[in-house]
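Observations on the model geometry
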Amino acid sequence: VRSVMLVHRPFADAGKTTSQGARVLRSNVVNGTGGITGKGITVGLISDSFNTSGNPIDAAADVKSGDLPKTTAIPGGEGLKFLIERDPTVFGPGTDEGRGMSQIVHDVAPGADLCFATAEGGQVVFANNIRSLRTEPACNADVIVDDVIYPEEPMFSDGVVAQAVDEVVTVDRDRAADRAG
């Protein structure tokens, strides 16, 4: 006998496809052995759209396959607990990049709740939707991520988007101070 190896139990992957990021971050190990799944955390995602591309594999199909959480309360926003969607009659169909981002978050933190808001419509809409994801009681996001930049955003000073980020962080500091004392 040259070697003896312990055979580890396999990890169950969520959905049809699991993000390679889950393996790189080893979140599958933490989810399985540590029981840390994101439960009790809400992640707000901002991108162009969630479910407007017209792709036959829509949000409902992603919920059915396990690629999104089993939340089905919002028609067209299946998998989410809150949605501000891009208007396809004004902006045309989106790429549903926000749904792709949601699938990655669900792979890494399968117990987390998800909310989505579009950034389409300009910097003011983007900024207001950051605020909505944090302050809207239906969402109340603990973490907000985006994959959007407007070329007109100032790089060396705070524009309306950066100001919105500062505001939601300040809301958190004020709430923490109120709880402390």
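No experiment lies behind these values; they were computed from the predicted model shown. (Residues numbered from 1 in each chain as written. Predicted model: local features only at pLDDT ≥ 70, side-chain atom pairs only at ≥ 80, totals over all residues. Heavy atoms only, no water.)

Broken down by element type, the protein chain carries seven helices and four strands. In the protein chain, the order of α-helices and β-strands from amino to carboxyl end is α-α-β-α-β-α-α-β-α-β-α. Looking at the protein chain as a whole, 35% of its 181 residues are labelled buried. Sequence-distant contacts in the protein chain: of pairs separated by 6 or more residues, those separated by 24 or more amount to 78%. When the accessible surface of the protein chain is split by element, carbon and sulfur atoms take 57% of a total near 10700 Å². (Helix = DSSP H or I, 4+ residues; strand = E, 2+ residues; numbered from the N terminus. Buried < 20%, exposed > 50% of the residue type's maximum accessible area, 1.4 Å probe, protein only. Contact = heavy atoms within 4.5 Å. Areas by Shrake-Rupley, 256 points an atom, 1.4 Å probe, with all protein chains shown as cover.)

With that out of the way, let us pick up the environment of Gly38. Structurally, the position occupied by Gly38 is in the loop between α2 (27–34) and β1 (42–47). The class of Gly38 is buried, set by a relative accessible area of 17%. Distance in space between the C-alpha atoms of Gly38 and Ala109 is 4.8 Å, their sequence separation being 71 residues. Non-local contacts of Gly38, meaning those with residues more than four positions away in its chain, are made with Ala109, Gly111 and Ala112.

With that out of the way, let us pick up the nonpolar core. Counting 15 residues, the largest nonpolar core has Ile46, Phe82, Cys115, Phe126, Ile130, Leu133 and Cys139 as its most contacted members. It is helix α6 (residues 123–135) that provides the largest number of residues to this core, a total of four residues. Leu133 has contacts with Gly44, Leu45, Ile46, Phe82, Cys115, Phe116, Ala117, Cys139, Asn140, Ala141 and Ile144, leaving out every residue within four places of it along the chain. If you look at the next biggest cluster of nonpolar residues, it comprises 14 residues, including Leu68, Leu80, Val105 and Phe116. (Core = buried A, V, L, I, M, F, W, Y, C linked by side-chain atoms within 4.5 Å.)

In this section: the packing of aromatic side chains. Counted according to the given criterion, the structure contains two aromatic pairs. An angle of 40° between the planes, with centres 5.8 Å apart, marks the rings of Phe50 and Phe116 as tilted. Pair noted here: Phe50 is in the loop between β1 and α3 (59–65) and Phe116 is in strand β3 (residues 113–118), with a separation of 66 residues, a long-range link. Aromatic pair Phe126 and Tyr150: ring centres 6.2 Å apart, planes at 50°, arrangement tilted. Placement of Phe126 in helix α6 and of Tyr150 in the loop between β4 (143–146) and α7 (160–180) is noted, with a sequence separation of 24 residues between them. Using a relative accessible area of 16% as the deciding quantity, one classes Tyr150 as buried. (Phe/Tyr/Trp six-rings, centres within 6.5 Å; stacked < 30°, edge-to-face > 60°.)

Looking now at the state of the cysteines. The final tally for this structure, using the stated rule, is one disulfide. Covalently, Cys115 is tied to Cys139 through a disulfide, its sulfur atoms 2.4 Å apart. An S-S torsion of about 125° defines the bridge between Cys115 and Cys139 as right-handed. You can see Cys115 sitting in strand β3 and its partner Cys139 sitting in the loop between α6 and β4, a full 24 residues away along the chain. (Disulfide = S-S within 2.5 Å.)

With that settled, the discussion passes to the sheet that holds β3. Ordered by their spatial adjacency, four strands build an open sheet running β2-β3-β1-β4, and the pairing between neighbours is parallel. Each end of this open sheet is capped by a strand with a single partner; those strands are β2 (82–84) and β4. In this sheet, adjacent strand axes meet at a mean angle of 20° when their direction is disregarded. Across four bridges, the pairing between β1 and β4 is parallel. Across the sheet, residue Val43 finds its bridge partner in β4, namely Val143. Along the sheet face, helix α5 (residues 97–108) touches β1, β3 and β4 and points at about 150° away from the line of β1. (Pairing = 2+ DSSP bridges. Axes fitted to C-alpha atoms, helices over the stretch in contact; angles between N-to-C directions.)

Next up on the list: unusual backbone geometry. Positive phi outside glycine occurs at Asp96, with the angle close to 60°. Along the chain, Asp96 turns up in the loop between α4 (88–91) and α5. Of note, the phi angle at Asn140 is positive, near 55°, even though the residue is not glycine. With respect to the element layout, Asn140 can be found in the loop between α6 and β4.

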